[in-house]
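# Inside the fold
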Amino acid sequence: MQSKRPELAQSETVDELPKACLSEPEAVAFFERKRWPDGCACPHCGSVGVYQMKGRDGERSKRYLWRCRDCSRQFTVRTGTIFEESLLPMHKWARAFWEASSCKNGVSALELSRKLQVSYKTALFMLHRLRFAMQTDHRTPPPMTGTVEADETFVGGRIRRPNLGSKVPAHQKQKTVVFGLVQRGGHARLMQIPNVTGSVLSSQLREHVARSAHLMTDAAPQYILPGREYLAHDSVRHFDGEYVRHGNRNIHSNTVEALFGRLKKSLTGTYMAVSVKHLHRYLAQTEWLWNTKGLNDGERVEALIRKADGKRMKYAEQVGNKT
Ligand SMILES: [Zn+2]
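Here goes a summary of the coordinates provided. (Residues numbered from 1 in each chain as written. Predicted model: local features only at pLDDT ≥ 70, side-chain atom pairs only at ≥ 80, totals over all residues. Heavy atoms only, no water.)

### A look at the overall build of the protein
From N to C terminus, the protein includes twelve helices and eight strands. Burial statistics for the protein: of 323 residues in total, 48% are counted as buried. Relative to all contacts within the protein whose residues are 6 or more apart in sequence, the contacts with residues 24 or more apart total 61%. Accessible area for the protein stands at about 16800 Å²; split by element, carbon and sulfur atoms hold 51% of it. (Helix = DSSP H or I, 4+ residues; strand = E, 2+ residues; numbered from the N terminus. Buried < 20%, exposed > 50% of the residue type's maximum accessible area, 1.4 Å probe, protein only. Contact = heavy atoms within 4.5 Å. Areas by Shrake-Rupley, 256 points an atom, 1.4 Å probe, with all protein chains shown as cover.)

### So, the sheet that holds strand β3 (residues 74-75)
Spatially, the three strands line up as an open sheet ordered β1-β2-β3, and their pairing is antiparallel. Every interior strand has two partners, whereas the edge strands, β1 (50-52) and β3, have only one. Here two bridges tie strand β2 (residues 66-68) to β3, and the two strands are oriented antiparallel to one another. Note on β3: the bridge partner recorded for Arg67 is Gln74. (Pairing = 2+ DSSP bridges.)

### Notes on the coordination of the zinc ion
At 2.3 Å from the zinc ion lie its protein donor atoms, namely Cys42 (SG), Cys45 (SG), Cys68 (SG) and Cys71 (SG). Bound by four donor atoms, the zinc ion shows angles of 104 to 118° at the metal and therefore tetrahedral coordination geometry. Linear spacing of the donor residues for the zinc ion on their chain is C-x2-C-x22-C-x2-C. With Cys42 in the loop between α2 (24-35) and β1 and Cys68 in strand β2, the pair connects residues that are 26 residues apart, well separated along the chain. With a relative accessible area of 3%, Cys42 lands in the buried category. (Donors = N, O, S within 2.8 Å, 3.2 Å for Na, K, Ca; no water. Tetrahedral: all angles 85-135°; square planar, octahedral: opposite > 155°, others 65-115°.)

### Re unusual backbone geometry
Phi at Ser72 is positive, roughly 60°, even though this residue is not glycine. With respect to the element layout, Ser72 can be found in the loop between β2 and β3. Despite not being glycine, Gln117 has its phi angle at roughly 55°, a positive value. If you trace the backbone, Gln117 turns up in the loop between α4 (109-116) and α5 (120-134).

### Some details on helix α1 (residues 12-20)
The set of residues buried in α1 consists of Thr13, Glu16, Leu17 and Ala20. Angularly, the buried residues of α1 cover 115° about the axis, an arc narrow enough to put them on a single face. Facing away from the buried side of α1, by more than 90 degrees, are the exposed residues Asp15 and Lys19. Elements in contact with the buried residues of α1: α2, α3 (90-102) and α11 (297-308). (Arc of directions from axis to C-beta.)

### Remarks on α4
All buried positions along α4 are accounted for by Ala109, Leu112, Ser113 and Leu116. Within α4, the buried residues cover an arc of 100° as seen down the axis, which keeps them to one side. If you follow the buried residues of α4, they end up packed against α3 and α5. Immediately downstream of α4, the backbone of Gln117 shows phi near 55°, a positive value.

### A look at the packing of α5 against helix α10 (residues 279-291)
At a minimum axis separation of 8 Å, α5 and α10 run at an interaxial angle of 60°. The pairing of α5 with α10 is recorded here as oblique in orientation. Between α5 and α10 the crossing geometry is left-handed. Residues His128, Arg131 and Met134 of α5 lie in contact with α10, whose contacting residues are Arg281, Tyr282, Ala284, Gln285 and Trp288. Grouping the amino acids of the contact of α5 with α10 by side-chain chemistry returns four nonpolar, two polar and two charged. (Axes fitted to C-alpha atoms, helices over the stretch in contact; angles between N-to-C directions. Parallel < 35°, antiparallel > 145°, perpendicular 65-115°, else oblique. Left-handed = near helix turned anticlockwise from the far one by under 90°. Nonpolar A, V, L, I, M, F, W, Y, C, P; charged D, E, K, R; others polar.)

### Overview of the pairing of strand β5 (residues 176-183)
Within β5, seven of the eight residues are buried, leaving the element largely enclosed by the surrounding structure. By the bridge criterion, eight bridges tie strand β4 (residues 147-155) to β5 in an arrangement that is antiparallel. Its bridge partner being in β5, Glu152 is matched across the sheet by Phe179. Bridge analysis of β5 against strand β6 (residues 188-193) gives six bridges, and the strand direction is antiparallel. Following the sheet pairing, Val182 is matched in β6 by Ala188. Count of turn residues in the β5/β6 antiparallel hairpin: four residues, of which Gly185 carries a positive phi of about 75°.

Spelled out as structure tokens, the structure:
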């Protein structure tokens, strides 16, 4: 996925997007082509015996309805997706998919609100749905192999009371811990963890990393024991100013640090300092953008439309999502 392209890859989708962002019929046709590249299928029963419904004037129905011959139910390109219950026109969604897929740190609600000329609240709702689509189920992918970098970072939460005299450093009490894993030359995973004790780190590593992997961490003592379960374990002593091992430039955890850098950029301008309730959405976004960085913008939009399929997000799930 990280192959270097000698020239800019041409994308049909990028050519189609500007039109889809301007007109509703174009936008609906665009999403239909991308969602059903092999021909439309009924989202209720899977049948391909479907037809476009027509209005009295013989033109396509104003609501862009389809009907299934097998189950007789009606549907549109929105049915069974993240925008099923959205009243926003599809051309605004086309623009949102494009924006969300073309910025490496993710687009902010404020930017999206300006570009789409929708309220901040609407932009935030759209982004919540898009981030929900980006989410990858960590239980399904195979464990990470090869050289795997692991590290943890603290995000959100301002330090209000320094808790002087407490054994746990104040920044750990007030902030949320994010654990990151990157397989070099491969995918990344980000997850929220309750604390940075050896047992928590160890169970995360066991769940996500194959025993045959070469583990790279910093010199935190919590990694010593779990590190013994792997084929090899190297660490760099960040507190001694060592970021790349002198004499062996392969020994570092700079890739996972770069991933954290992107996560923190995506959190800038949000109210994350106040609430980390919706942190998982930002983790999903950073992870997905990282894992698709070998794709061009058009391919990324297509991938996101496919991921949005089957991911219905009920309005009720969003109530209170004022991040
Ligand atoms: Zn059907």
